[in-house]
Amino acid sequence: MSQPMTAQSNDFGIGSMSRNIVHMAVPMTVAQLVNVLYNVVDRMYIGRLPDASTLALTGMGLCFPIVSVITAFANLFGTGGAPLCSIARGMKNEERAQKIMGLSFTMLVITGVLLTLFVRIFSRPILYLFGASDDTYLYAADYLNIYILGTVFVMISLGMNQFINSQGFAKTGMLTVMLGTVANIILDPIFIFVFDMGVKGAAYATVISQFLSAVWVLLFLTGKRAILKLKFSYMHFHLKTAGEICGLGLSGFIMSVTNASVQMVCNKMLGIYGGDLYVAVMTVLNSIRDIISMPVLGLTNGAQPVLGFNYGAKKYDRVKAGIRFMSISCIIYTFAIWALVVIFPALFIRLFNSEPDLITSGVPALRLYFFGFFMMALQFAGQSAFVALGFSRHAVFFSLLRKVIIVIPLTIWLPSVAGLGVNGVFLAEPISNFLGGCACFFTMLTVVWKRLKTS
């Protein structure tokens, strides 16, 4: 009889697959919730600034593409290296797993330093390229020029936390995010309102919180509890291993970079067809999407180390069972949350801003934008399976398909069709969810199932 996974062994090859996935997914879902609060709590406070809340919220929204690019590089090395670690552990190759983790850390830190320098030098042209107006630039610059100082901390906390999760310490990974979020929630009102620093205060609070999370990650990965310890001797560069990490992480990287591209194009088109108010509306909609996507991201992220471990151990029936559980759970959740958002749109918008003009414009935009959200379940499940099992080319292709090939062209083209205007911008997302979600999921079933022969 199989036994449940124990904390000591962190062996995903025994026990029920659904139980193992839930064991990982529950703390990772809590971590996702906390991480979402980390990212959106600034917007909640800034959306309540007296006299300038909409302009300030718009300014922060203009920084989203830069934040997404930073996240992209954390995903490139973190979500690229962590699944390879899981597969290596499943194959009992601890030496390879150590090298993958050490090299990932090196690339995270170096890239963080380079990004910090680049954005600090070119922040002004970048923000205007991303859709800033003269009214919103000052708010965006105030936030970005401080936020970017914490880039290395973001890279370490986001990227290396994946290696804590991949070793089976999901609760510790959850605490990484909780530490930063609780600090941010406490510091935000102090810096924003008590010290009267406004947008700058939100940025300072975020940087301090990111620093605390990074320190926590490093203390754990160099401490006694870690199965794989972060050691200087494993941090040297190895071209082949770096290529494998980047190849598998490219999917997550492209997803974040294309998110940045979509946000930039949306801000541009909304600025043309609707002005700063609709850029603020899109900021709110992105924030809502971050919140409601949290449970399904926690589930799919929790499933990845379990699927990868069993794939490395050649327990293919267990991999199939895990994919089925993950997919069905994603479909049920996304359909339920989509119904709530469509029925109670104003309730979700008021989490961030209560100005009548924004709510009036935001309710119809929300219903358009989230119409196809339930189809995102197929994208989440298919993409996660490809990444977990090392199908890097497929993961990359479907990241590009939905955002670059479908969303961006539609965002540019639809506003000019039949006078759709801003509605055309909001329609691009649901169309891509239907087309991209179906293509990704059913290709995953066709390709992956053939490889998962009975062991």
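Keep in mind it's a predicted model, so treat the numbers as computed, not measured. (Residues numbered from 1 in each chain as written. Predicted model: local features only at pLDDT ≥ 70, side-chain atom pairs only at ≥ 80, totals over all residues. Heavy atoms only, no water.)

### A look at helix α8 (residues 239–273)
Basically, it comes down to this: What counts as a helix is a DSSP run of H or I of at least four residues, what counts as a strand is a run of E of at least two, and both are numbered from the N terminus. Here the expected length of a helix is defined as 1.5 Å per residue gap, with one fewer gap than residues.
In this model α8 runs 47 Å from its N-terminal to its C-terminal C-alpha over 35 residues, within 8% of the 51 Å that 1.5 Å per residue would give. Positive phi shows up at G275, right after α8, with a value of about 85 degrees.

### Topic: the packing of aromatic side chains
How we decide: Here the aromatic set is Phe, Tyr and Trp, taking the six-membered ring for Trp, and pairing holds for ring centres within 6.5 Å; pairs whose planes are under 30 degrees apart are stacked, those over 60 apart are edge-to-face, and all others are tilted. Residue burial is assigned from relative accessible area. The probe radius is 1.4 Å, only protein chains are included, and a residue is buried under 20% of its type maximum, exposed over 50%, and partly exposed in between. In this analysis the charged atom, NZ for Lys or CZ for Arg, is taken to sit over a ring once it is within 6 Å of the ring centre and within 35 degrees of the ring normal.
Per the counting criterion, the structure on display carries 24 aromatic pairs. Taking the centre distance of 5.7 Å and the plane angle of 20 degrees together, the rings of Y143 and Y147 count as stacked. Of this pair, Y143 and Y147 both sit in helix α4 (residues 134–147), four residues apart, roughly one helical turn. By relative accessible area, Y147 is classed as buried at 6%. Between Y369 and F370, the ring centres sit 5.2 Å apart and the planes meet at 85 degrees, which makes this aromatic pair edge-to-face. Exposure class is identical for Y369 and F370. Each is buried. In textbook terms, an aromatic cluster arises when at least three aromatic residues are bridged by ring pairs, as seen for Y311, Y316, F386, F391, F397 and F398. One residue, R124, lies across the ring of Y137, its end atom 4.8 Å from the ring centre.

### A closer look at the pattern of salt bridges
Our working definition: Any carboxyl oxygen of Asp or Glu that lies within 4 Å of a side-chain nitrogen of Lys or Arg is treated as forming a salt bridge with it.
Taken as a whole, this structure holds five salt bridges when the rule is applied. Among the salt bridges present, the one from R43 reaches D290, with a minimum N-O distance of 3.4 Å. Of this pair, R43 sits in helix α1 (residues 17–46) while D290 sits in helix α9 (residues 276–312); the two residues are 247 residues apart in sequence, bridging distant segments of the chain. When its relative accessible area of 25% is taken as the criterion, D290 is described as partly exposed.

### Considering helix α3 (residues 94–129)
Taking 1.5 Å per residue as the helical rise, α3 with its 36 residues ought to reach 52 Å, whereas the 46 Å between its terminal C-alpha atoms falls clearly short. A positive backbone phi angle near 110 degrees is found at G131, which sits one or two residues after α3.

### Quick notes on the packing of helix α2 (residues 53–90) against α8
What counts here: Lines are fitted to the C-alpha atoms to define the axes, a helix being fitted only along its stretch in contact, and any angle between axes, read from their N-to-C directions, falls within 0 to 180 degrees. Oblique is the label for any angle not covered by the other classes, which are roughly parallel (under 35 degrees), roughly antiparallel (over 145) and roughly perpendicular (65 to 115). A crossing counts as left-handed when the near helix is turned anticlockwise from the far one by less than a right angle, and as right-handed when that turn is clockwise. Residues are grouped as follows: Ala, Val, Leu, Ile, Met, Phe, Trp, Tyr, Cys and Pro are nonpolar; Asp, Glu, Lys and Arg are charged; all remaining types, including Gly, are polar.
Running from N to C, α2 and α8 cross one another at 165 degrees; their axes reach a closest spacing of 6 Å. Compared by their axis directions, α2 and α8 come out roughly antiparallel. Classified by chirality, the crossing of α8 by α2 is right-handed. Class assignment for the residues of the contact of α2 with α8 results in 18 nonpolar, 13 polar and one charged.

### With respect to the state of the cysteines
We apply this condition: Cysteine sulfurs are considered disulfide-paired once they come within 2.5 Å of each other.
Counted under the stated rule, the structure contains zero disulfides. Cysteine C266 remains unbridged, with the sulfur of C63 as its closest cysteine sulfur at 16 Å.

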